[in-house]
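# Commentary on secondary and tertiary structure
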Amino acid sequence: MRSTKVSRRYAQGLLEFTEQENTTAAVLGEMKEVVNIFKNSPDLAVFMQTPFIDAKKKSAAASQIFAGFSPVVQRFIDLVIRQGRESQIKNIAETYIEKVEEMQGVQRITLTSAVPLSHENIKKILNTSALVNNPENAEVTLNVDKDIIGGYILRAGDLQVDASVKSKLNKIKKEFSQ
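Bear in mind that the values here come from a model prediction, so they are computed numbers and not experimental data.

What follows covers the nonpolar core. M31, V34, I77 and Y96 are the most contacted members of the largest nonpolar core, which totals 27 residues. Of all the secondary structure elements, the ones that give two or more residues to this core are α1 (5-21), α2 (24-40), α3 (42-49), α5 (71-82) and α6 (89-103). Excluding anything up to four places from it in sequence, V34 contacts F66, F69, V73, I77, I89 and A93. By size, the runner-up hydrophobic cluster in this structure holds 10 residues, among which are I109, L111, L154 and A156.

Dropping the structure here:
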């Protein structure tokens, strides 16, 4: 996700509003749907980013696409379009999700290994890592990358633990070359 100043401001405004209205959980689910719609429809993203298409046409299209959504989300998307920020809708939705999950204590973790890991191994890695605040409340994305040869790379936010064989071999290689 590419968080921008615009997406952070709009997401924060939406979050403050949904907290006042007590609709944060419902809007969170709908924002996840907004992200999925944009991911599954590259044409929609191109349509929203096209500067020569009138905002009224974009608003009309959005009202049809998001017709099943709550009035809060529909009005919010319309507001974003009227403000000329329609190219940021997906980023705003992703930033909103991130802010709500952060508020709820959810930590996003990326775990990369050379081979698929068993549930027990994943649990062990999460429980022993200082990067993971609460393993029970972590949202883990698993990746398999054969290039790391063995071990794992754990990433939480902008912090990373590289316990891969590849990095250890590179370190040894670097020491011998000096």
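This next bit is on the domain arrangement of the chain. Entries for the chain in the domain assignment read domain 1 (5-103) and domain 2 (107-176). Placing the centre of domain 1 and that of domain 2 at their C-alpha centroids yields a distance of 33 Å.

Our focus in this paragraph is the packing of α1 against α2. Two elements in contact, α1 and α2, have axes whose closest approach is 8 Å; the angle formed by their N-to-C orientations is 140°. As the angle between them shows, α1 and α2 are arranged oblique. In this structure, α1 contributes L14, L15, T18 and E19 to the contact, and α2 contributes T24, V27 and M31.

What follows deals with the environment of K39. Along the chain, K39 turns up in helix α2. Given the relative accessible area of 53%, K39 is considered exposed. For the pair K39 and K90, spaced 51 residues apart in sequence, the C-alpha to C-alpha distance is 8.5 Å. Discounting chain neighbours no more than four positions away, the residues touching K39 are K90 and E94.

Conventions used here
- Residues numbered from 1 in each chain as written.
- Predicted model: local features only at pLDDT ≥ 70, side-chain atom pairs only at ≥ 80, totals over all residues.
- Heavy atoms only, no water.
- Core = buried A, V, L, I, M, F, W, Y, C linked by side-chain atoms within 4.5 Å.
- Buried < 20%, exposed > 50% of the residue type's maximum accessible area, 1.4 Å probe, protein only.
- Helix = DSSP H or I, 4+ residues; strand = E, 2+ residues; numbered from the N terminus.
- Contact = heavy atoms within 4.5 Å.
- Domains from an automatic or database assignment.
- Axes fitted to C-alpha atoms, helices over the stretch in contact; angles between N-to-C directions.
- Parallel < 35°, antiparallel > 145°, perpendicular 65-115°, else oblique.

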